[in-house]
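# Secondary and tertiary structure notes
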Amino acid sequence: MEKEVYSLCFMCSVRCPIRVLVKDGQVKWIEGNPHVAGMEGSLCPRGAAGINMLYDDQRVKGPMIRVGERGSGQWRAADWDEALNLVGRKLGEIIDKHGGHSVVLGERTQLATHVSKTFLKAIKSPNHFTHDALCKGSVNTACRSLFGYTDGQMGIHYKKTKHIVLYGRNIFESMSVKEVNNLMYALENGAKMTYIDPRVTITATKAHRYWMIRPGTDLALNYSLIHVILKERLYDAQYTAKWVSGLNALREFTSIHTPQWAEQETGIPADEIVELAHEISKDKPSVIFHFGYRGASHTNEIYVRRSIMMLNALMGSVEAEGGFFFKKGPEAEGGKSVHKLTQQEFPEIEQPRFDKVGTKDFPLPDPNHGVAQMLPHAILNKDPYPIKALIAYRFDPLMSIPDYKNNLKAINELDLIVAIDVNYSDIADYADVILPESTYLERTDCIQQANGLKPQLFLRKQTISPRYDTYEGAIILKQIGERLGIGSYFPYNNMDDLVKWQLEGTGFSMEDFKSKGFVSYGSKQIFWDRKQGLKFKTPSGKIEFKSSLLEDAGFESFPAYQPVPVTSNGKFRLTVGRTALHTHVATQNNAYLNYIVPENSLWINVKKAEELGIQDGAWVEITSKAGSGRIKAKVTDLIHPETVFMLHGFGHRAKNAKRSYKKGVMDTMLQENLTDKIGGSPALHDTFVTVKPV
Ligand SMILES: Nc1nc2c(c(=O)[nH]1)N[C@H]1C(S)=C(S)[C@@H](COP(=O)(O)OP(=O)(O)OC[C@H]3O[C@@H](n4cnc5c(=O)[nH]c(N)nc54)[C@H](O)[C@@H]3O)O[C@H]1N2
Ligand SMILES: Nc1nc2c(c(=O)[nH]1)N[C@H]1C(S)=C(S)[C@@H](COP(=O)(O)OP(=O)(O)OC[C@H]3O[C@@H](n4cnc5c(=O)[nH]c(N)nc54)[C@H](O)[C@@H]3O)O[C@H]1N2
Ligand code: SF4
Ligand SMILES: [Mo]
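On a predicted model such as this, the values are computed, not experimentally measured, just so you know.

### Notes on the overall build of the protein
When helices and strands are tallied, the protein shows 22 helices and 27 strands. Computed over its C-alpha atoms, the radius of gyration of the protein comes to 25 Å, within 12% of the 26 Å expected for a compact globule of 694 residues. Seen through its C-alpha atoms, the protein measures out along the principal axes to roughly 70 × 65 × 55 Å. Scored against the burial criterion, the 694 residues of the protein give a buried share of 62%. Taking the contacts inside the protein whose residues are at least 6 apart along the sequence as the reference set, 73% of them involve residues at least 24 apart. When the accessible surface of the protein is summed, it comes to about 25900 Å², and 48% of that surface belongs to carbon and sulfur atoms.

Encoded structure:
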């Protein structure tokens, strides 16, 4: 028997719509959903490798209870009742003794996030955190400081853009299928692409203009671009007059930041900076200065992101075709949003968050996701109070928070670690109990409400029954909840119940997703009226260059630029990033992806390698304040001499993930745990290393 099921990929968080061919109960083929604009049937390599994840015999096949030391990789299989009873009993004891706030749940934001938030609210813990701060915390804060919206509430209209500027936004490797397809469409129709990165990436090779910037100096470049744009009046004067506050303050501030000054700092020729300002302003407002994710990852990141978004505002590209737009929800079409479990009434929580977000110590990061990298500090220093239990739900603090050794020390202080994972991840390996989730191909998930130019709903639909003894995360949490006496917050028995409840009042039913995998609230794209109808949520109702969010919290809108010293004494700035073949720390043990990219290597500039006596392909030792590792060198002139680069996600220590075990070096083994104290992102690129041949 053959059937086609529409669903959502989950080999990464993008959740591309897919069509899955199932034959005799086996998944035979996965492709992009052809009915979805921008997918055109395509998938990325990781999406195609979903089949290998499903049929991987090295994944967690049923609940596991640890028998050896933490991290020994020794487990015994348990049935669900035993494992859940154990977790319920231990959590109950911890909550009784130390309060609900001693329980922390960290996850990668996903469709069932409203379920885990509900779980924590019900046990009176403020300590739900997501991966978001690690990914784009400062982007979020920067956008709120300017527009009153988070970056997540904004979208990018790639397809109609005329010029895109990418600051280490390696869009053709660190990808999302729709973004790539839409940008390719624009490029084929004449759009220009400027790419800025200390390293020549695949994206760099496709760009019209590539600048090998000195690492850490994007802010200087942007201040000089702003200087030229303001001095030569290249900005959209009508738009800024109506919608921007603080233009004069910005003009005054950037008056010293000439292109000649920036050339010294960035290594980019002054005349080329002027040329970009001229060229891009001709295409305004259909231009994009991409706010980026993990490119410029430094302690001043919020100001880099603000400078990028100020350039957009100067071009009038915020809420413009071919620029940025604010995502519209169902209400914009007279429809109703889906229900979330977090809309219930909960007991009041008195304690601050473990990361102190929302207090005067850490006022600005988004409390919706908190600041994950504060976890080791909170545990080790019992600051602000003791933390006793961690539930890691599709998130690996060991490999995703800088400073592995410190992370390990911290989690070893905990009385209970529970991992809800599909794989033997590194955190699962250190857990006391692993509660395995069914893979995305084996489960129906909560509804995805996709706000955007056209609000839509998508459904991840089970394609085959679970191959092993696994459950959906929303069912696992409900089951633990029942053992803690908070079962009434989870009013469903299975995923279909939950989805039906979410859809109540929207006018849509599960049946409506069958033919195409999604439903739409309307058919036209909604842009607000740029002349009168922009709805910024800042106190002034304008784009605040001079930001009340920042200044009310005691931070400057335009702090003086701090020059970036040239790295010396044999030191390199360590930079990291992704490959098109892997997702973060999740896919290195996938048979197919592991076969193509089994380990990482260290990119090092050819001249520096020569000085140090390092040959291409030879083993080197890389050392930082936090740790060291052995890795093969990739000697190349495609990287700036002040930095070395490695892929994130390798060097796994979990023994049961046999293909990835100890392959390559873990970046968190080297990185120090540093943070942009205003925006909330980690400063992943502020660790310095030495490299020597072995
Ligand atoms: N295949 C794949 N795609 C993904 C993901 C994945 O895991 N795999 N993850 C997704 C997620 S969650 C994210 S956040 C995005 C990340 O998307 P990106 O932020 O585009 O991804 P990275 O691969 O981290 O690329 C960072 C780049 O910044 C460069 N860089 C380092 N220092 C500087 C600097 O000072 N200035 C500039 N301009 N550049 C610098 C590095 O050389 C590197 O090429 O990717 C998404 N897409
Ligand atoms: N050092 C360092 N740290 C980083 C980064 C970096 O470049 N370097 N990048 C940052 C960025 S941009 C991001 S987005 C984060 C990502 O951080 P994480 O969320 O930790 O990374 P992922 O690899 O996406 O997935 C984590 C876990 O999810 C599990 N998993 C996969 N599918 C499922 C599923 O269906 N259900 C369940 N329950 N589990 C599943 C995987 O096995 C894996 O253990 O890391 C951030 N941290
Ligand atoms: S970008 Fe690739 S891995 Fe991520 S959801 Fe889309 S197809 Fe899947
Ligand atoms: Mo991310």
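### A short note on the sheet that holds strand 11 (residues 209-211)
Ordered in space as 11-10-9-13, the four strands form an open sheet in which the pairing is parallel. Edge positions in the sheet fall to strand 11 and strand 13 (287-289), since each of these pairs with one other strand and no more. Across the sheet, the axes of successive neighbouring strands diverge by a mean angle of 10°, strand direction being ignored. Note that strand 9 (residues 163-167) and strand 13 share three bridges and pair parallel. In the strand pairing of strand 13, His 163 is matched with Val 287. The strands touched by helix 12 (residues 270-282) within the sheet are strand 9, strand 10 (192-196), strand 11 and strand 13, with strand 11 carrying the most contacts at an inclination of about 140°.

### Brief notes about the site of ligand 3
Around ligand 3, a shell composed of 13 residues is seen, among which Cys 9, Cys 12, Arg 15, Cys 16 and Cys 44 lie nearest. Looking at the shell around ligand 3 residue by residue, the class counts come to nine nonpolar, two polar and two charged. When residues of the shell around ligand 3 are sorted by domain, at least three fall in each of domain 1 (2-54) and domain 3 (158-322).

### Some points on the sheet that holds strand 3 (residues 26-32)
Taken in spatial order, the three strands line up as 1-2-3 in an open sheet, and their pairing is antiparallel. Looking at the sheet topology across the chains shown, the edges are occupied by strand 1 (2-8) and strand 3. Averaged over all pairs of adjacent strands, the angle between strand axes in this sheet comes to 25°, irrespective of strand direction. With six bridges connecting them, strand 2 (residues 17-23) and strand 3 associate as antiparallel partners. Residue pairing across strands places Arg 19 opposite Glu 31, the latter belonging to strand 3.

### Some thoughts on empty space enclosed by the protein
Within this structure, the stated rule accounts for three cavities of 30 Å³ or more. The space that makes up the largest cavity amounts to roughly 80 Å³. Surrounding the largest cavity, Cys 9, Cys 12, Val 14, Arg 15, Cys 16, Leu 43, Cys 44, Arg 46, Gly 47, Met 175, Ser 176 and Val 177 form its lining. In terms of residue class, the lining of the largest cavity is built from eight nonpolar, two polar and two charged.

### Looking at the packing of aromatic side chains
In this description, an aromatic ring pair is defined by two values, namely the gap between the centres and the angle between the planes. One pass over the full model with this rule turns up 20 aromatic pairs. Between Trp 603 and Phe 645, the ring centres sit 5.8 Å apart and the planes meet at 75°, which makes this aromatic pair edge-to-face. A residue pair is termed long-range when its members are at least 10 positions apart, and Trp 603 in strand 23 (residues 601-605) and Phe 645 in strand 26 (residues 643-647) qualify at 42 residues. Across this residue pair, the class does not change: Trp 603 and Phe 645 are buried.

### What to know about the environment of Pro 365
You can see Pro 365 is positioned in the loop between strand 14 (324-326) and helix 14 (375-381). In this structure the C-alpha to C-alpha distance between Pro 365 and Ile 226, which are 139 residues apart in sequence, comes to 26 Å. Apart from the residues lying within four places of it in its own chain, the contact partners of Pro 365 are Thr 141, Arg 144, Val 357, Val 371, Ile 678, Gly 679 and Gly 680.

### Some details on the layout of surface pockets
By volume, the second largest pocket is sized at about 330 Å³. Taken together, 19 residues line the second largest pocket, and the ones lying closest to its centre are Glu 173, Thr 579, Trp 603, Lys 634 and Leu 647. Of all the elements in the fold, those that place two or more residues in the lining of the second largest pocket are helix 7 (202-206), strand 23 and strand 26. The class makeup of the residues in the lining of the second largest pocket is nine nonpolar, five polar and five charged. Summarising the domain contributions, the lining of the second largest pocket has at least three residues from each of domain 3 (158-322) and domain 4 (571-693).

### Topic: the nonpolar core
Counting 155 residues, the largest nonpolar core has Val 115, Phe 119, Phe 147, Leu 435 and Phe 545 as its most contacted members. With sequence-adjacent residues up to four places away left out, Phe 119 is seen in contact with Leu 91, Ile 391, Leu 477, Ile 480, Gly 481, Leu 484, Ile 486 and Phe 490. Counting 40 residues, the second-largest nonpolar core is a separate cluster that includes Val 104, Met 374, Ala 392 and Met 666.

Cut-off values and rules
Residues numbered from 1 in each chain as written. Chains lettered and ligands numbered in written order. Predicted model: local features only at pLDDT ≥ 70, side-chain atom pairs only at ≥ 80, totals over all residues. Heavy atoms only, no water. Helix = DSSP H or I, 4+ residues; strand = E, 2+ residues; numbered from the N terminus. Rg over C-alpha atoms; globule rule 2.2 N^0.38 Å. Buried < 20%, exposed > 50% of the residue type's maximum accessible area, 1.4 Å probe, protein only. Contact = heavy atoms within 4.5 Å. Areas by Shrake-Rupley, 256 points an atom, 1.4 Å probe, with all protein chains shown as cover. Pairing = 2+ DSSP bridges. Axes fitted to C-alpha atoms, helices over the stretch in contact; angles between N-to-C directions. Near = heavy atom within 4 Å. Nonpolar A, V, L, I, M, F, W, Y, C, P; charged D, E, K, R; others polar. Domains from an automatic or database assignment. 1 Å grid on protein atoms, 1.4 Å probe; cavity = no way out; pocket = protein on both sides within 12 Å on 5 of 7 lines; lining within 4 Å. Points joined across faces, edges and corners; volume = space filled by probe spheres on them. Phe/Tyr/Trp six-rings, centres within 6.5 Å; stacked < 30°, edge-to-face > 60°. Core = buried A, V, L, I, M, F, W, Y, C linked by side-chain atoms within 4.5 Å.

The quantities given are spatial measurements derived from coordinates; they are silent on function.
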